[in-house]
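This is what each chain is made of:
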Amino acid sequence: PVAPIYSYATVSASNVVATTCQYEALKYVSFPVQTLGKCAKMIPVMIWGFAINQRRYDAADMLVAAFITAGCTIFALYGDVTNKHVSSGGDTSWYGGVLMLGYLGFDGFTSTFQDKLFKGYHMETYNQ
C-alpha cells in the first residue's frame, strides 16, 4: 500500500520547522552550544519512539542516553562555548534554548514518523 499524502505532509512540515528552529537558534546560541545540544537528540527520539511506535527501551538504552546528555550538558555549562561573533556578550539566550528544544522535538518526531512510514508501508527510497 501507498502512504497517504498527509503522512508525507506531516513529515515535510516537521522537517521544515526543525530546520528553521535549528538555523534560527544560531542567532541566539553559539555553534558549540548548538552542537552539544544535538547530543540530547536521543531523548526526544526515544520519547517519540515510545509515543508513535510503542517502542520499548531497556534500562541500558536509557542510561546511555542519560549519560551522554549529562556529559554534554556538563561540558556546555562549564566549558568554553561562547560565541565570539555575537555582540550582546556571546552567551546563550533563553530564546535560543527554546529554539533548540523546538529543533530537538521536531527533528525527533521527523525521524520517528519516517521510521513508522517505512515500516508500515514497506517503502524504499525509490518508491516514496
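Here, every reference points to the structure presented above.
Throughout this description, residue numbers start from 1 for each chain and increase along the sequence as written. It should be noted that, the model being predicted, local features are given only for residues of pLDDT at least 70 and side-chain atom pairs only at 80 or more, the latter also being counted only at that level, while totals for whole chains, interfaces and linings use all residues. To obtain the side-chain values, all non-hydrogen atoms of the structure were used and water was disregarded.

Turning next to the pattern of salt bridges. Oppositely charged side chains may form a pair once their charged atoms are brought near each other. One side-chain nitrogen of Lys or Arg within 4 Å of one carboxyl oxygen of Asp or Glu is enough to make a salt bridge. Within the structure shown, the criterion is met by 3 salt bridges. Put simply, K27 and E24 hold a salt bridge, and the shortest N to O gap is 3.2 Å. Only protein chains enter the calculation, and the probe is 1.4 Å; a residue is then buried if its accessible area is under 20% of its type maximum, exposed if over 50%, and partly exposed in between. By relative accessible area, which is 24% here, E24 ends up partly exposed. With a shortest N-O distance of 2.7 Å, K41 and D107 are connected by a salt bridge. Here the residue K41 occupies a position in the loop between helix 2 (31-37) and helix 3 (42-53), and D107 occupies one in helix 5 (residues 94-120), the gap between them amounting to 66 residues. Residue classification places K41 among the partly exposed positions, given a relative accessible area of 30%. In this structure D107 comes out as buried when scored by relative accessible area, which is 13%. In this text, helices come from DSSP runs of H or I with a minimum length of four residues, and strands from runs of E with a minimum of two, each type numbered from the N-terminal end.

The next thing to look at is the packing of aromatic side chains. What describes a pair of aromatic rings is the distance from one ring centre to the other and the angle between the planes of the rings. Stacked, tilted and edge-to-face are the three classes assigned to paired rings of Phe, Tyr and Trp, where Trp is represented by its six-membered ring and a pair needs centres within 6.5 Å; plane angles under 30 degrees give stacked, over 60 edge-to-face, the rest tilted. The tally for this structure, following the rule as stated, stands at 4 aromatic pairs. Between Y28 and Y95, the aromatic rings sit 4.9 Å apart at their centres with planes inclined by 90 degrees, giving edge-to-face as the arrangement. In this pair, Y28 sits in the loop between helix 1 (5-25) and helix 2 while Y95 sits in helix 5, placing the two residues 67 residues apart along the sequence. Among the residues examined, Y95 registers a relative accessible area of 35% and is labelled partly exposed. Centroid distance W94 to Y95: 6.1 Å. Interplanar angle 75 degrees. Geometry classified as edge-to-face. Of the residues examined, W94 reaches a relative accessible area of 69% and is grouped as exposed. One aromatic cluster is present, built from ring pairs that chain together Y28, W94 and Y95.

Bringing the side chain of Q34 into the picture now. Positionally, Q34 belongs in helix 2. Using a relative accessible area of 2% as the deciding quantity, one classes Q34 as buried. Any pair of nitrogen or oxygen atoms within 3.5 Å is treated as a polar contact; in protein, a donor-acceptor pairing is required on top of that, and neighbouring residues in sequence qualify only through side-chain atoms on both sides. For Q34, the side chain forms a polar contact with the main-chain oxygen of Q22, separated by 2.5 Å. Sequence-distant contacts of Q34, defined by excluding residues within four places in its chain, comprise Q22, A25, L26, V29 and M100. The contact definition used throughout considers only heavy atoms, calling two residues in contact when any of these lie within 4.5 Å.

Every axis corresponds to a line fitted to the C-alpha atoms, with the helix fit spanning only the stretch in contact, and the corresponding angles, defined between N-to-C directions, vary from 0 to 180 degrees. The interhelical angle for the contact between helix 3 and helix 4 (residues 59-78), taken along N-to-C directions, is 150 degrees, at an axis separation of 9 Å. In this view, helix 3 runs roughly antiparallel relative to helix 4, as classed from their interaxial angle. Side by side, helix 3 and helix 4 meet where M42, I43 and M46 of the first sit next to D61, M62, A65, I68 and T69 of the second. For the contact of helix 3 with helix 4, the class distribution of residues is 6 nonpolar, 1 polar and 1 charged. An angle counts as roughly parallel when it lies under 35 degrees, as roughly antiparallel when it exceeds 145, as roughly perpendicular when it falls between 65 and 115, and as oblique in every other case. Polarity classes work like this: nonpolar for Ala, Val, Leu, Ile, Met, Phe, Trp, Tyr, Cys and Pro, charged for Asp, Glu, Lys and Arg, and polar for all others, with Gly in that last group.

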